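Here is what each chain is made of, one letter per residue.
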2 protein chains.
Amino acid sequence: MKSPGKGKITGRFDADCLATREILTRIGDKWSVLLIVILGEGPQRFSELKRAIEGISQRMLTLTLRGLERDGMVKRTVTPTNPPRVDYDLTPFGHTLLAPVAELALWAQRHRPEVQQARDAFDRAEKKTVGRP
Amino acid sequence: MKSPGKGKITGRFDADCLATREILTRIGDKWSVLLIVILGEGPQRFSELKRAIEGISQRMLTLTLRGLERDGMVKRTVTPTNPPRVDYDLTPFGHTLLAPVAELALWAQRHRPEVQQARDAFDRAEKKTVGRP
DNA sequence: CCGGATCCTGGCCGATACTG
DNA sequence: CAGTATCGGCCAGGATCCGG
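Criteria and thresholds
- Residues numbered from 1 in each chain as written.
- Chains lettered and ligands numbered in written order.
- Predicted model: local features only at pLDDT ≥ 70, side-chain atom pairs only at ≥ 80, totals over all residues.
- Heavy atoms only, no water.
- Helix = DSSP H or I, 4+ residues; strand = E, 2+ residues; numbered from the N terminus.
- Least-squares fit on C-alpha atoms with pLDDT ≥ 70 in both.
- Salt bridge = Lys/Arg side-chain N within 4 Å of Asp/Glu carboxyl O.
- Buried < 20%, exposed > 50% of the residue type's maximum accessible area, 1.4 Å probe, protein only.
- pLDDT = per-residue confidence, 0-100.
- Contact = heavy atoms within 4.5 Å.
- Axes fitted to C-alpha atoms, helices over the stretch in contact; angles between N-to-C directions.
- Left-handed = near helix turned anticlockwise from the far one by under 90°.
- Nonpolar A, V, L, I, M, F, W, Y, C, P; charged D, E, K, R; others polar.
- Pairing = 2+ DSSP bridges.
- Near = heavy atom within 4 Å.
- Polar contact = N/O pair within 3.5 Å; in protein donor to acceptor, adjacent residues only side chain to side chain.
- Expected span 1.5 Å × (residues − 1).
- Arc of directions from axis to C-beta.

1. Some thoughts on unusual backbone geometry
Residue and element names in this part refer to chain A.
Okay, step 1: Geometrically, the link from asparagine 82 to proline 83 is a cis peptide bond, its omega value of 5° lying close to zero.
Okay, step 2: Phi is positive for glutamate 54, which is not a glycine, with a value near 75°.
Okay, step 3: By the element assignment, glutamate 54 lies in the loop between α3 (46-53) and α4 (58-70).

Next up, the structure:
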């Protein structure tokens, strides 16, 4: 988030929407939710995660994990063998987030056709408005 | 694009996580959730929304509303008086999204202190690691 | 194997000005 | 009042090299 202090948003949603925006900024990025869901199935090492996701860059995987770790949702465990081994796991706190996130994911899966349909209809309508022969 | 035709992400999350990413891309932006919540209280006209949010630019309000309308979550109603009047409202479909979103928002409000705390702890620990006197 | 550092690009978003 | 158009800054995020 940005620096608060000047942050007056609506007046009545003050704390509520600030909190919501904060968490949405965390998990609303490109990879966080996916990581949370995958880690929800059990601990994984770095390279497993990287292979599991397959579209993510090493950099973003590291950054996203760091962010989640910083907010207490992910636990990072280093085993100083050679070569080194690093495992990531959801904390109990992270698990409490898993529930509402899964809820949202479920909604997404259930209603995807409707969204697609609405989207197509909208685009068709727009095209008609624009293309006036 | 990596593997055209055979888009394999994780193998089993294929459709699920695609759908999730799609919806998160929609509502994970800067203003969508806020708009959904506000519109959840009833229909509002453009200028009311603009005043209600107070930090949003005219441009982003328009764009966000368009996006939500495109996906079938918001209904736009024009009353061709003079000056013109445009009302926005959640569709029934939009209302079904309101529930899981509210769930998430609730989580955010409930757990904000813990996040803050974890964040602080993490930053302190990092500082200790860096600053070796 | 893990992840830090650096460069670079696309797009998001805000500010402003202009139409109907 | 409601919306479009244009410009510009900023940052997320991908590619790559390097170091432990």
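2. Quick notes on the relation of the copies chain A and chain B
Okay, step 1: Of the transformation superimposing chain A on chain B, the axial component is 0.0 Å and the angular component is 180°, with the fit at an RMSD of 0.3 Å. The transformation just described matches what one would write down for a two-fold rotation axis. By C-alpha distance to the rotation axis, the residue of chain A lying nearest is Gly28(A), at 2.4 Å.

3. Looking at the pattern of salt bridges
Okay, step 1: Overall, the coordinates contain 12 salt bridges over all chains when judged by the stated rule.
Okay, step 2: Two residues, Asp71(A) and Arg26(A), come together in a salt bridge whose shortest N-O distance is 3.8 Å. In this pair, Asp71(A) sits in the loop between α4 and β2 (74-79) while Arg26(A) sits in helix α1 (residues 14-27), placing the two residues 45 residues apart along the sequence. Neither Asp71(A) nor Arg26(A) differs from the other in exposure class; each is buried.
Okay, step 3: With a closest N to O distance of 2.6 Å, Arg70(B) and Asp123(A) form a salt bridge. A residue pair is termed interchain when its members come from two chains, as with Arg70(B) in helix α4 (residues 58-70) and Asp123(A) in helix α5 (residues 92-130).
Okay, step 4: Through salt bridges with shared partners, a single ionic network connects Arg26(A), Asp71(A) and Arg119(B).

4. Quick look at the confidence of the model for chain A
All names here are of chain A.
Okay, step 1: Looking at chain A as a whole, its pLDDT mean stands at 83, while 84% of the residues score no less than 70.
Okay, step 2: Here α1 is the element of chain A with the lowest mean pLDDT, 78, and strand β3 (residues 85-90) is the one with the highest, 96.
Okay, step 3: Across residues 1-12 the pLDDT falls below 50, and counting only partners more than four positions away or on other chains, this stretch makes 15 contacts in the model.

5. Some details on the packing of helix α2 (residues 32-39) of chain B against helix α3 (residues 46-53) of chain B
All names here are of chain B.
Okay, step 1: Relative to each other, α2 and α3 sit at 115°, their axes nearing to 11 Å. You can see that α2 and α3 cross each other, and the crossing is right-handed. When α2 is examined against α3, the residues Leu34, Leu35, Ile38 and Leu39 are found in contact with a partner set consisting of Leu49, Ala52 and Ile53.
Okay, step 2: Across the contact of α2 with α3, the residue classes break down as seven nonpolar, no polar and no charged.

6. Thoughts on the pairing of β2(A)
Along a regular strand, successive side chains alternate from one face of the sheet to the other.
Residues and elements named next belong to chain A.
Okay, step 1: As defined by bridge partners, β2 adjoins β3 across six bridges and the pair is classed as antiparallel. In the sheet register, lysine 75 faces β3, and the bridge partner there is aspartate 89.
Okay, step 2: Count of turn residues in the β2/β3 antiparallel hairpin: five residues.

7. Considering the protein's contact with DNA strand D
Okay, step 1: Around DNA strand D, the structure places 18 residues, and the nearest of them are Lys30(A), Arg59(A), Phe46(B), Ser47(B) and Arg76(B).
Okay, step 2: Put simply, 68% of the atoms of DNA strand D that lie within 4 Å of the protein are in sugar or phosphate.
Okay, step 3: Here a phosphate oxygen of DNA strand D sits 3.0 Å away from a polar atom, N or O, in the side chain of Arg45(B).
Okay, step 4: Here Arg66(B) contributes a side-chain N or O atom positioned 3.4 Å from a phosphate oxygen of DNA strand D.
Okay, step 5: Breaking the surface near DNA strand D down by element, the ones donating at least two residues are α4 of chain A together with α3, α4 and β3 (85-90) of chain B.
Okay, step 6: Of all the elements, α4(B) adds the most residues to the surface near DNA strand D, at four residues.
Okay, step 7: Across the surface near DNA strand D, the residue classes break down as eight nonpolar, four polar and six charged.

8. Some details on the packing of α3(B) against α4(B)
Residue and element names in this part refer to chain B.
Okay, step 1: Relative orientation of the contacting elements α3 and α4 amounts to 115°, with a least axis distance of 11 Å. Helix-helix and strand crossings are classified by hand; for α3 and α4 the assignment is right-handed. For the pair formed by α3 and α4, the contact residues are Phe46, Leu49 and Lys50 on the first element and Gln58, Leu61, Thr62 and Leu65 on the second.
Okay, step 2: Here the contact of α3 with α4 is built from residues that sort into four nonpolar, two polar and one charged.

9. A few points about α4(A)
Okay, step 1: Given a rise of 1.5 Å per residue, 13 residues ought to cover 18 Å, and the 18 Å separating the end C-alpha atoms of α4(A) matches this to within 8%.
Okay, step 2: Taken together, the buried positions of α4(A) are occupied by Leu61(A), Thr64(A), Leu65(A), Gly67(A), Leu68(A) and Glu69(A).

10. Remarks on α3(B)
Residues and elements named next belong to chain B.
Okay, step 1: What α3 keeps buried is the set Phe46, Leu49, Ala52 and Ile53. Projection of α3 onto a plane perpendicular to its axis shows the buried side chains occupying an angular sector of 130°, all on one side.
Okay, step 2: Along its buried surface, α3 packs onto α2, β1 (44-45), α4 and β3.
Okay, step 3: Downstream of α3 by a residue or two, glutamate 54 has a phi angle that is positive, lying close to 70°.

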